[in-house]
Amino acid sequence: MRKCAWAPCKGRGLSGRLLWGLALAAAAAKMALCALQLAQATPAFSPIDDTLMFEMARSIREGNWLGEYDYLTLGKHSFFALWLAFLNVLHVNFLVGGQLLYAAACLVLLTAVKPLFCTNAARGLVFLAVLWLPASWAQFTLRVYRDNIYPALVLLALGGLVGAFCRFAQPAKKAVPYYVVAGAALAAAWLCHEDNALLLPFVGCAAAVYLVFLFTSKTAGQKRAKLALLLLPLALWAGGIAAWKAMNYRYYGRFIVSDFSQGEFADAMGALTRVAPGAQQRYIPIPYQTRQMLYEISPTLASVQDEIENGDMYSRYGYADKPEFIANGIHWMLREAAANAGVYATPETARAFWQAVADEVNAACDAGEVPAGRKHSGVFSPVKAEYILPSLEKFGDEAAELLLFRQTSPRAELSRMPAWQAGQWQGFLHAPFSTAAVAGTAQPYFGGVRAAAYTLLDAVTWCMRVLVWPMLALAVLWLCRYVPRCVRGVRQKAPPADMAGCVLMLGLFLTGLLRLVALAYLFAVSIKLEPASLMYMSPAAAPMMAFLAFSAARWLEGALQPGKWARGRAARRRANAATAHSASTASRLSSTIAP
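The model shown is predicted, which means the values in this text are computed figures rather than measured ones.

## Overview of the overall build of the chain
And then number 1: Secondary structure assignment for the chain yields 23 helices and four strands.
And then number 2: Classification of the 595 residues of the chain by burial places 53% in the buried group.
And then number 3: Expressed as a percentage of contacts within the chain between residues at least 6 apart in sequence, the contacts between residues at least 24 apart total 78%.
And then number 4: Accessible surface, the chain: about 25,800 Å² in total, of which carbon and sulfur atoms supply 65%.
And then number 5: Separation of charge centres in the chain, based on 54 positive and 35 negative side chains, amounts to 26 Å.

## Some thoughts on the state of the cysteines
And then number 1: One pass over the full model with this rule turns up zero disulfides.
And then number 2: Just so you know, C463 is unpaired, no disulfide at all, and the nearest cysteine sulfur is the one on C34, 15 Å from it.
And then number 3: Overall, C463 belongs to the partly exposed group, its relative accessible area being 46%.
And then number 4: The thiol sulfur of C480 is not disulfide-bonded, and the nearest other cysteine sulfur, from C486, lies at 13 Å.

## Overview of the packing of helix α3 (residues 79–90) against helix α19 (residues 419–429)
And then number 1: The N-to-C vectors of α3 and α19 enclose an angle of 80°; their axes lie 8 Å apart at closest approach. Looking at the two axes, α3 sits roughly perpendicular to α19. The segment α3 lies against α19, with L84, A85 and N88 engaging G427, F428 and L429.
And then number 2: The class makeup of the residues in the contact of α3 with α19 is four nonpolar, two polar and no charged.

## Some words on the environment of L155
And then number 1: With respect to the element layout, L155 can be found in helix α6 (residues 150–165).
And then number 2: For L155, a relative accessible area of 2% puts it in the buried group.
And then number 3: With 369 residues separating them in the primary sequence, L155 and A524 have C-alpha atoms 27 Å apart.
And then number 4: With near-sequence residues (within four places) excluded, L155 lies in contact with Y102, A105, C106, V130 and A542.

## Quick look at empty space enclosed by the protein
And then number 1: Applying the stated rule across the entire model yields five cavities of 30 Å³ or more.
And then number 2: In this structure, the largest cavity occupies an estimated 170 Å³ of space.
And then number 3: Taken together, 19 residues make up the lining of the largest cavity; nearest its centre are Y102, A135, S136, T141 and N148.
And then number 4: Every element with two or more residues in the lining of the largest cavity is listed here: α4 (94–112), α6 and α22 (534–559).
And then number 5: The dominant element in the lining of the largest cavity, judged by the number of residues it contributes, is α4, at four residues.
And then number 6: Among the residues forming the lining of the largest cavity, the class breakdown is eleven nonpolar, seven polar and one charged.

What counts, and at which threshold
- Residues numbered from 1 in each chain as written.
- Predicted model: local features only at pLDDT ≥ 70, side-chain atom pairs only at ≥ 80, totals over all residues.
- Heavy atoms only, no water.
- Helix = DSSP H or I, 4+ residues; strand = E, 2+ residues; numbered from the N terminus.
- Buried < 20%, exposed > 50% of the residue type's maximum accessible area, 1.4 Å probe, protein only.
- Contact = heavy atoms within 4.5 Å.
- Areas by Shrake-Rupley, 256 points an atom, 1.4 Å probe, with all protein chains shown as cover.
- Lys, Arg positive; Asp, Glu negative; His and termini not counted.
- Charge placed at Lys NZ, Arg CZ, Asp CG, Glu CD.
- Disulfide = S-S within 2.5 Å.
- Axes fitted to C-alpha atoms, helices over the stretch in contact; angles between N-to-C directions.
- Parallel < 35°, antiparallel > 145°, perpendicular 65-115°, else oblique.
- Nonpolar A, V, L, I, M, F, W, Y, C, P; charged D, E, K, R; others polar.
- 1 Å grid on protein atoms, 1.4 Å probe; cavity = no way out; pocket = protein on both sides within 12 Å on 5 of 7 lines; lining within 4 Å.
- Points joined across faces, edges and corners; volume = space filled by probe spheres on them.

Listed below in structure tokens is the structure:
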């Protein structure tokens, strides 16, 4: 039995060794099922996504970093290409590699929450709920794209921080492994995707919670050492990003991660969307009439007008029946148009071109030559009050997709590519692709053991669809019981010993919620997808499930331990009586020494 660190009770049940044995067995069972999944790709239709990552990975293996410079080379955060090259060296199926990374993140979470439970069985439930989350084997994970690993990197980073920060009262060395995991995962996640600013609130707030409890705790020692250790994840995080920038500088002369999400291109997009804000529409941030105004005030942009305004561009990045470009395609259209005009001959010519566009448009706006909004930088449409209601509707759609576990089929779509290309992709990625179709149809063929594995994964999905509702109910019950306890503890200057960890776990849920809110706006304004895509929401799924499972397990742990609540009430009564006695004694002493 292991004495509980936060409640006056002892845990009974699984030993640590048995817990780890069962956890590894569960991970191995899932791995065996997911190893039978097929990858999917249609290279001709994904030049800026799957095909880009694949070609970059091949270039890295050939020693040419991200390849010859063009408008796509620095267009995305491309850590996934490095990951693919790494797996190629190891001769590991990239789908298996992604599942191994996700399982590792779940195991880190299993160890991270140890101080927050009385029993091993309770934290084992958290591990199982996150490990067997259907989003982890959903169809989008079968693509040769960064969302194959990004949710795992997010979970690794957040789990590492929870593990380090909730051990504020333990020896400093206990937090070191978690800091290493968190720092490395934060760096990898930052280099893998452009929307990592959504992780910063958790990082900042979690550090603040840690510092508050570190300096107010009477049992936490080694405060200087623990403060110094905060530099470890920051150093790994910043060091990883700096190393990537250094490689880009070596090969392309640009000390940046991406020339899409930062720098002159973001400034140019901010300037372009600044003009005529009243003419903007949902999904059409720069209408045709606005573009005509832009050509008049920006000679640099006008130099590529013919490359922009043509039927091919309209049909590929917008609407075939009208001269408009959709919001999530206009950025790539502009970059391709500039490349067709020779702008991307070198990194410096591209930088100078977009800087000139930004300067010319902003100057015209500041001079009042065109109607304009406030100056800003970024590739997304400015926020408007009229977008609030559509965003709320999209948020409801997101909640339905997540709670009902939709879009979680483990089956790949049919891959469409020539035989020579299929052999090339399969050889490099060490993964079989869904190239065989059912006779006379466009449906991929799955037979034998593979079909049975998919049936088992479908059964797990249905179980999760049922279990998520009692988990939600238990989470609410636990919060209703625990929050008043925390409020009383704070008022009496004796907060629960596990309060920091529980606040951090709640932070996981709020981090996922923040992502859903941001995506709801993007789905309502910029990214026109029906239904809301699970691929974009998946980094929120695991942290939110982790909190639901955590709070449900905490409630069950207390409810299933005989007399636990009674002992808790008795302990609170004793604490209140001691506080009242101390206050009474202090009052008598003060009256005695008063003149």
